[in-house]
Amino acid sequence: MTQRWSGVFPAVTTKFNADESLDLAATARHIRWQLDCGADGIIVCGSLGEASTLTADEKLAILQAAKAVAGDKPVLLTVAEDSTRAACALAAAAHAQGADGIMLLPAMRYVSDERETLNHYRRVAGVSPLPVMIYNNPVAYGVNITPDMYRALAAEPKFVAIKESSGDIRTLTDVINAVGDRYAIFCGVDDLALESLLMGADGWVAGLVVAFPEETVAIYRLARAGRWLEARTLYRWFAPLLHLDVSMKLVQNLKLCEARVGAGTEHVRAPRLPLAGAERERVLAVIDERLACRPALPAH
């Protein structure tokens, strides 16, 4: 790893055809658009990328499609498997296929305790030289990686970053107080992004960026430049859309956003189904109301 990760890392959606097969060409075009709009890295096959519905071979195919268009920007493959054994296999394959890093979750389904969680992370880190972003999302996955656990993992240099998605802004300060600047810290909750940047986050693993990349990048850059009033004004406009990311149906919500702005389709893979009826109309109303008052972006 040549430099510390920072900036906006879109957690991109996976593009499907109407028959639920992968649309790798559309996935690659979308990633290229994100990078052209200023994204600093790409994360594929995460929760928003419908990882739980993808086979290992499909994940590696998506990784290859991303790498083909990413140039010198880092591409991370999400490793979120049901067992440590499977996670190790995918991490090793990611290295063989040219990934620049992995975003690693605790094992899925089983809620591991602290000893088991630390063992999982250390074993996966041991199978490849890739740098690792530790993903903490206790709300969705039931396992909380505490500041003390980050301190325990700090001896392994492959652990380079944290995606903090606890939903509690106080956690970021607690982590920094525990481990200083040992890790690059990324906000993983869209509607806590500006708050996290104010409190010292290095980056934003973003969701609504998939439909609104220019606004997402602008907020990050304004914050980094200390232009807080401008960043706050844009963030307040964005907030109703950002709330769509904090939902059990974030995939359907954000794919509807993509479709509405001409950046994708609503195709998802079952058991998910596209939004319908009053639920779809409610989300469309949020999108259309925001589009109707979409602001001009401040000059960089």
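Residues numbered from 1 in each chain as written. Predicted model: local features only at pLDDT ≥ 70, side-chain atom pairs only at ≥ 80, totals over all residues. Heavy atoms only, no water.

With an unreviewed UniProt entry as reference, the protein is termed Dihydrodipicolinate synthase family protein, source organism Crenobacter caeni. Check the Sequence similarities (unreviewed entry) section of the UniProt entry for the protein; it says "Belongs to the DapA family." (UniProt positions renumbered as here; feature names shortened; annotations may be inferred.)

*Asks:* Hey, could you run me through the overall build of the protein in this one?
*Replies:* Each helix and strand counted, the protein has twelve helices and eight strands in total. For 300 residues, the compact-globule estimate of 2.2 N^0.38 gives 19 Å, and the C-alpha radius of gyration of the protein, at 18 Å, lies within 12% of that figure. Viewed in the frame of its principal axes, the protein has a C-alpha envelope of about 50 × 45 × 35 Å. Evaluated residue by residue, the protein yields a buried proportion of 54% over its 300 residues. Put simply, 71% of the contacts in the protein that link residues at least 6 apart link residues at least 24 apart. (Helix = DSSP H or I, 4+ residues; strand = E, 2+ residues; numbered from the N terminus. Rg over C-alpha atoms; globule rule 2.2 N^0.38 Å. Buried < 20%, exposed > 50% of the residue type's maximum accessible area, 1.4 Å probe, protein only. Contact = heavy atoms within 4.5 Å.)

*Asks:* Help me understand the UniProt feature "binding site: pyruvate" (unreviewed entry) in the protein, please; the structure alone is not making it clear to me.
*Replies:* When the UniProt feature table is mapped onto this chain numbering, "binding site: pyruvate" (unreviewed entry) sits at Val 205. Once you skip the residues sitting within four places of it in the chain, Val 205 turns out to touch Phe 9, Ala 11, Ile 43, Met 133, Lys 163, Phe 186, Cys 187, Gly 188 and Asp 190.

*Asks:* Can you walk me through the UniProt feature "active site" (unreviewed entry) in the protein in this structure?
*Replies:* When the UniProt feature table is mapped onto this chain numbering, "active site" (unreviewed entry) sits at Tyr 135 and Lys 163. These annotated residues cover 29 residues of sequence, but their C-alpha atoms sit close together, with the largest distance between any two at 4.7 Å. Structurally, Tyr 135 is set in strand S5 (residues 132–136). Leave out the neighbours within four places in its chain, and Tyr 135 touches Ser 47, Met 103, Leu 104, Leu 105, Pro 106, Tyr 121, Tyr 141, Ile 145, Lys 163 and Ser 165.

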